[in-house]
Amino acid sequence: MKGTPDMPRCGFSNAVVQILRMHGVDYDAHNVLADDSVRQGIKEYSEWPTIPQIFINKEFIGGCDILLQLHQSGELIEELQKVGIASALLEAEVDENDDKKK
Ligand SMILES: N[C@@H](CCC(=O)N[C@@H](CS)C(=O)NCC(=O)O)C(=O)O
Ligand code: FES
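Residues numbered from 1 in each chain as written. Chains lettered and ligands numbered in written order. Predicted model: local features only at pLDDT ≥ 70, side-chain atom pairs only at ≥ 80, totals over all residues. Heavy atoms only, no water.

This paragraph deals with the packing of aromatic side chains. In total, this model carries three aromatic pairs according to the counting rule given. An aromatic cluster is defined as three or more aromatic residues linked by ring pairs; in this entry it consists of Tyr 45, Trp 48, Phe 55 and Phe 60. (Phe/Tyr/Trp six-rings, centres within 6.5 Å; stacked < 30°, edge-to-face > 60°.)

The next subject is the UniProt feature "binding site: [2Fe-2S] cluster" (unreviewed entry) in the chain. Using the residue numbers shown here, the UniProt feature "binding site: [2Fe-2S] cluster" (unreviewed entry) corresponds to Cys 10. Inspection of the secondary structure puts Cys 10 in the segment before helix H1 (11-23). (UniProt positions renumbered as here; feature names shortened; annotations may be inferred. Helix = DSSP H or I, 4+ residues; strand = E, 2+ residues; numbered from the N terminus.)

Attention now goes to the state of the cysteines. Counted by the stated rule, this structure contains zero disulfides. Free of any disulfide, Cys 64 has its nearest neighbouring cysteine sulfur in Cys 10, separated by 8.2 Å. Using a relative accessible area of 11% as the deciding quantity, one classes Cys 64 as buried. (Disulfide = S-S within 2.5 Å. Buried < 20%, exposed > 50% of the residue type's maximum accessible area, 1.4 Å probe, protein only.)

Attention shifts here to the pattern of salt bridges. Under the criterion given, the structure shown has one salt bridge. The residue Lys 82 makes a salt bridge to Glu 79 at a minimum N-O spacing of 2.8 Å. A residue pair is termed a helical-turn pair when its members lie 3 or 4 positions apart in one helix, as Lys 82 and Glu 79 do in helix H4 (residues 75-82) at three residues. A residue is classified by how much of its surface remains accessible, and Lys 82, at 64% relative accessible area, is exposed. The class for Glu 79 is partly exposed, based on a relative accessible area of 22%. (Salt bridge = Lys/Arg side-chain N within 4 Å of Asp/Glu carboxyl O.)

As paired elements, strand E1 (residues 54-56) and strand E2 (residues 59-62) share three bridges and run antiparallel to each other. Residue Phe 55 lies in a different strand from E2, and its bridge partner there is Phe 60. Connecting E1 to the antiparallel partner E2 that follows it, the hairpin turn spans two residues, and Asn 57 within it adopts a positive phi of roughly 50°. (Pairing = 2+ DSSP bridges.)

Structure representation (structure tokens):
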């Protein structure tokens, strides 16, 4: 990302932080603005031209647009579940279904 989770330095990086926050997941963040070799190197590594970049268990997922899509479709919850992470929004979904049953 550009900047840090506490102080994103670009709207795209900020959006990714906000999405991950909604899912309540722990993640490592790396500020590419602190090291130009990381900024260029990560783009070559993932063959993706822009920052931010999201990886789940070392697997490249995409940038801001893709994460937003996965979030809106509910697929992000599933992707996290696959690696044993229970999204905070999963519990919200379950609660909602419980309510419907009542
Ligand atoms: N549409 C992109 C938005 C990200 C983007 O356009 N990033 C640009 C501007 S922050 C970028 O990283 N440019 C190359 C660079 O700054 O090294 C996405 O989905 O992530
Ligand atoms: S830093 Fe300008 S769009 Fe990201």
